[in-house]
Amino acid sequence: MSSVNTAIQLITREQAENGAARGSTCSPALAKGPWDYDLAEALAGIPAYGPGASSADVAPAATPRQGQLPEEYKRATDAELARRITAAKATLGDRAVILGHFYQRDEVIQYADFVGDSFQLANAALTKPEAEAIIFCGVHFMAETADILSTPEQAVILPNLAAGCSMADMADADSVAECWEQFEEIFGTEPDADGRVPVIPVTYMNSSAALKAFCGEHGGIVCTSSNAKTVLEWAFERGQRVLFFPDQHLGRNTAKALGVPLEQMPMWNPRKDLGGNAEQQLLDSRVILWHGFCSVHKRFSVAQIEQARAEHPGVQVIVHPECPMEVVDAADSAGSTDFIKKAIAAATEPTTFAIGTEINMVNRLAAEYPQHTIFCLDPVICPCSTMYRIHPGYLAWVLEELVAGRVVNRITVADAVQANARTALERMLAARP
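As a starting point, this report considers the structure included with it. (Residues numbered from 1 in each chain as written. Predicted model: local features only at pLDDT ≥ 70, side-chain atom pairs only at ≥ 80, totals over all residues. Heavy atoms only, no water.)

Observations concerning the overall build of the chain
1) Next: For the chain, the count of helices and strands is 19 helices and 15 strands.
2) Next: Taken over C-alpha atoms, the radius of gyration comes to 22 Å for the chain, in line with the 22 Å a tight globule of 433 residues would show.
3) Next: Here the chain holds 433 residues, and the buried ones make up 57% of them.
4) Next: Summarising the internal contacts of the chain: among those between residues at least 6 apart in sequence, 67% fall at separations of at least 24. (Helix = DSSP H or I, 4+ residues; strand = E, 2+ residues; numbered from the N terminus. Rg over C-alpha atoms; globule rule 2.2 N^0.38 Å. Buried < 20%, exposed > 50% of the residue type's maximum accessible area, 1.4 Å probe, protein only. Contact = heavy atoms within 4.5 Å.)

Describing the side chain of K74
1) Next: By the element assignment, K74 lies in helix α3 (residues 71-75).
2) Next: A distance of 3.0 Å separates the side chain of K74 from the side chain of Q68, its partner in a polar contact.
3) Next: With residues up to four places along the chain from it excluded, the contact list for K74 reads W35, Q68 and L69. (Polar contact = N/O pair within 3.5 Å; in protein donor to acceptor, adjacent residues only side chain to side chain.)

Re the state of the cysteines
1) Next: Scanning the model with the defined rule gives one disulfide in all.
2) Next: In this model, C26 is linked to C382 through a disulfide, with the two sulfur atoms separated by 2.1 Å. Here the S-S torsion is close to 85 degrees, and the disulfide linking C26 with C382 is therefore right-handed. Highlighted residues: C26 in the loop between β1 (24-25) and α2 (34-44) and C382 in the loop between β15 (380-381) and α18 (392-403), separated in sequence by 356 residues.
3) Next: By relative accessible area, which is 7% here, C382 ends up buried. (Disulfide = S-S within 2.5 Å.)

Details of the sheet that holds strand β6 (residues 200-204)
1) Next: Sheet architecture is open: five strands sit in the order β7-β6-β8-β10-β9, paired in parallel fashion. The sheet is open, and its two edges are formed by β7 (221-223) and β9 (267-268), each paired on a single side.
2) Next: Pairing analysis gives three bridges linking strand β8 (residues 242-245) to strand β10 (residues 287-290), with the strands arranged parallel. Pairing of L243 across the sheet is with I288, part of β10.
3) Next: Relative to β6, helix α10 (residues 209-217) is tilted by about 155 degrees, and along the sheet it contacts β6, β7 and β8.
4) Next: Against the sheet, helix α12 (residues 248-257) engages β6, β7, β8, β9 and β10, with an angle of about 155 degrees to β10. (Pairing = 2+ DSSP bridges. Axes fitted to C-alpha atoms, helices over the stretch in contact; angles between N-to-C directions.)

With respect to the packing of aromatic side chains
1) Next: The final tally for this structure, using the stated rule, is six aromatic pairs.
2) Next: If you follow R241 out to its NZ or CZ, it ends over the ring of F187, 4.0 Å from the centre.
3) Next: The lysine or arginine in question, K298, covers the ring of F293, its NZ or CZ lying 4.0 Å from the ring centre. (Phe/Tyr/Trp six-rings, centres within 6.5 Å; stacked < 30°, edge-to-face > 60°. Lys NZ or Arg CZ within 6 Å of the ring centre and 35° of its normal.)

A few points about the pattern of salt bridges
1) Next: One pass over the full model with this rule turns up 20 salt bridges.
2) Next: Where R84 meets E80, a salt bridge forms, and the shortest distance between an N and an O atom there is 3.2 Å. Residue R84 and its partner E80 are located together in helix α4 (residues 78-92), separated by four residues, close to a single helical turn.
3) Next: Judged by relative accessible area, which is 11%, R84 ranks as buried.
4) Next: What makes E80 partly exposed here is its relative accessible area of 29%. (Salt bridge = Lys/Arg side-chain N within 4 Å of Asp/Glu carboxyl O.)

Things to note about the nonpolar core
1) Next: Counting residues in hydrophobic clusters, the biggest one holds 138 residues, and the most contacted among them are I135 and L395.
2) Next: Counting residues per element, this core draws most heavily on α18, at seven residues.
3) Next: Beyond its immediate chain neighbours, meaning those up to four positions away, I135 contacts A96, V97, I98, L99, I157, P159, L395, V398, L399 and L402. (Core = buried A, V, L, I, M, F, W, Y, C linked by side-chain atoms within 4.5 Å.)

Notes on the packing of helix α7 (residues 140-149) against helix α19 (residues 415-430)
1) Next: The N-to-C vectors of α7 and α19 enclose an angle of 95 degrees; their axes lie 10 Å apart at closest approach. Between α7 and α19, the interaxial angle falls into the category roughly perpendicular. Mapping the contact onto sequence places T145, D147, I148 and L149 in α7 and Q418, A421, R422 and L425 in α19. (Parallel < 35°, antiparallel > 145°, perpendicular 65-115°, else oblique.)

By themselves these figures say nothing about function.
Written as structure tokens, this is what we have:
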């Protein structure tokens, strides 16, 4: 099976030649090199996420931007980049470890020493204490987490600094701090008769180091899509209610599964007074959801599930819990990327699976398990905009710079932020089912 990038190139070429193509993408710009987006942003002076699922999301002014990739890497053929990456890896040996997220393009994943979700990869890096450099082929918040958990002597490198995350950017430290001040005015700060404080902050792993630090400082915790249920139970033992950010859908789906009524889960929109709520709504709440979402998983719909069931009787529909509630309810099951992978691996008979998560992972699962029929619920090829900005050209560049004794694109988290963020992460690790 061809890679997602190969399919995008073919579809774009067919559209240009014939005015039609077998299949469709959400943007013809996906066929271009990511360095074209770097240049466009530099000329416009305005950051953006690039083509793909997050193209319509507004990037904050402070969003990191990537400088221009040297021309030799832009002009290099796939074969030349493969040769240079392989040679640099061999030269560096154990001095460097490459981490590849599930959503990364195949052309990069093939060089990864470890493949997994953000937290799996951060932990994988811990098994390589001899590595001087950790090259994280993912997005910015993932590299930050790796820097928090790694040793001070290790350099964490993000091959393209513009590989951010629109969902993570939907909750910033200033907005969360302002929200918290309003909570203190409404709820007070004193615990109830059972010793539970008014609010416990819970941040999804897909958030900045600053927000993880906020949770660590305010008695809160971090969660992943794998352990969100356990973390919410931990928070309810300690707090009367939970502020869950930045992803509303993971918070809603998890709390609903725990029996929290929807009317006790108001949304907090940081652009509105009291988040768009009446004070009594907040007082009656159990979980306050931040107005954030993943643009990849927001694309999935009940109509897509209905179509999959009509065209493939007996299909098993598995979706990520970042999908909207009605999509999770209509699916056969929902779970993290690791859950999805394990569910397919556990199927003993040939099965048809319709998967609601990022297309690169779905495509890779289809190739890895050819005994099954595996396809993405969304018929339009629309990868994660920011993951897709990592290209073999950037990987070759950062590796060859390391060979030359230079560290580029290093991601560092300030010591003060690291301390509180690590506290929140350690609470998560201690909150076991």
